[in-house]
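Okay, here's what each chain looks like letter by letter:
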Amino acid sequence: MGYLDTKRHFPDKETKVIAIINQKGGVGKSTTTVNLAASLGEDKKKVLLVDFDPQGNTTSGYGINKEELDHDIYDALLNDYPIADLILDTCIKNVYVIPSTIQLAGAEIELVSAMARESILKSLLDQVKDEFDYVFIDCPPSLGLLTINALVAADSLLIPIQCEYYALEGVSKILESMKMIKSRLNPKLELFGVVMTMYDTRTSLSHDVVEEVSAYFGNKMFKTVIPRNVKIAEAPSHGVPIIKYARVSKGSLAYMNLAREVVRRG
């Protein structure tokens, strides 16, 4: 694995645990998780990705064959498997993945009867998070018990929003859930930011949606927008982030810029 082989670059700096979340599918959630982490890794930040979506797109986005895995995050959640033993190296130096498979889909039901069911992921991540600068949790596209676990474990939320009609539809529900978790289970939970994805420079719609979201979120919206880019769409089929697949593409450069903004936000 190798994730414990080196000391953290900033041992006195607190690890940021960020849940990447949107209850709508197809908004670029896993794409953002994969590519933002890769860009931060290239910037010498040590990043742990927790694939908490049963679809496992973050896992496959780094070329990990889910069918060959003996264990995944499900086993840590429900079978007491050591979480440190799940951490896998990736093709990007400084970036590590805790994988997910479709097995995780059953956890939503099985967790219902578990003790302290909302905070199991937090307890697991507390064992390993201090070795990293950032921990990203790729949430499922729903607001069920898995997502509640992610919100309890996280310090903040990053919400990818697609440049389309009804872009803000459902976002208010996420913010309501955040407030509920903050008041009852995780008082430090905050909104880290929103990032606009699939921006099409050829349409006025994309521009209008960015304006609308900016008016709603103000300075919580990142200045960097992620373009609709064929190279971003192609990269997962090659099992690598865009920075490895097409480094000088518009998509790759956008995620590098987003990573710089993330670092500046602290």
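Residues numbered from 1 in each chain as written. Predicted model: local features only at pLDDT ≥ 70, side-chain atom pairs only at ≥ 80, totals over all residues. Heavy atoms only, no water.

1. Describing the packing of aromatic side chains
Right, so step 1: In the structure shown here, the tally under the stated rule is 4 aromatic pairs.
Right, so step 2: Ring geometry for Phe192 and Phe222: centres 6.0 Å apart, planes at 55°, overall tilted. One end of the pair, Phe192, is in strand β7 (residues 190-199); the other, Phe222, is in strand β8 (residues 221-227), with 30 residues separating them in the sequence. When sorted by exposure, Phe192 lands in the same class as Phe222, which is buried.
Right, so step 3: Sitting over the face of the ring of Phe132, Lys46 holds its NZ or CZ atom 5.7 Å from the ring centroid.
Right, so step 4: Lying over the aromatic face of Phe222, Arg265 brings its terminal NZ or CZ to 3.8 Å of the ring centre. (Phe/Tyr/Trp six-rings, centres within 6.5 Å; stacked < 30°, edge-to-face > 60°. Helix = DSSP H or I, 4+ residues; strand = E, 2+ residues; numbered from the N terminus. Buried < 20%, exposed > 50% of the residue type's maximum accessible area, 1.4 Å probe, protein only. Lys NZ or Arg CZ within 6 Å of the ring centre and 35° of its normal.)

2. Re the sheet that holds strand β4 (residues 95-98)
Note: strands within a sheet are paired through backbone hydrogen bonds, in either parallel or antiparallel orientation.
Right, so step 1: The sheet built from 8 strands is open, its strands ordered β3-β4-β2-β5-β1-β6-β7-β8 with mixed pairing. Pairing within the sheet leaves two strands with one partner each, and these edge strands are β3 (88-89) and β8.
Right, so step 2: Both strand β2 (residues 47-51) and β4 contribute to a ladder of 4 bridges, which runs parallel. Across the sheet, Leu49 pairs through a bridge with Val97, a residue of β4.
Right, so step 3: Here helix α1 (residues 29-42) sits on the sheet and contacts β1 (16-20), β2, β4, β5 (134-138), β6 (156-162) and β7; the angle it forms with β5, its principal contact strand, is near 165°.
Right, so step 4: Each of β6, β7 and β8 is contacted by helix α8 (residues 204-217), which is oriented at about 175° to β7, the strand it contacts most. (Pairing = 2+ DSSP bridges. Contact = heavy atoms within 4.5 Å. Axes fitted to C-alpha atoms, helices over the stretch in contact; angles between N-to-C directions.)

3. Observations regarding the layout of surface pockets
Right, so step 1: Here the largest pocket is characterised by a volume of approximately 280 Å³.
Right, so step 2: What lines the largest pocket is a set of 23 residues, among which Gly28, Lys29, Ser30, Thr31 and Asn57 lie closest to the centre.
Right, so step 3: Elements with a minimum of two residues in the lining of the largest pocket: α1 and α2 (57-61).
Right, so step 4: The biggest single contributor to the lining of the largest pocket is α1, with 5 residues.
Right, so step 5: Its residues assigned to classes, the lining of the largest pocket shows 10 nonpolar, 10 polar and 3 charged. (1 Å grid on protein atoms, 1.4 Å probe; cavity = no way out; pocket = protein on both sides within 12 Å on 5 of 7 lines; lining within 4 Å. Points joined across faces, edges and corners; volume = space filled by probe spheres on them. Nonpolar A, V, L, I, M, F, W, Y, C, P; charged D, E, K, R; others polar.)

4. Re helix α7 (residues 171-184)
Right, so step 1: Given a rise of 1.5 Å per residue, 14 residues ought to cover 20 Å, and the 20 Å separating the end C-alpha atoms of α7 matches this to within 8%.
Right, so step 2: Among the residues of α7, those classed as buried are Val171, Ile174, Leu175, Ser177, Met178 and Ile181. Looking straight down α7, one finds its buried side chains confined to an arc of 160°; they lie on one side. Exposed side chains of α7 directed beyond 90 degrees from the buried face belong to Lys179, Ser183 and Arg184.
Right, so step 3: In this structure, the buried residues of α7 make contact with α6 (145-153), β6, β7 and α8. (Expected span 1.5 Å × (residues − 1). Arc of directions from axis to C-beta.)

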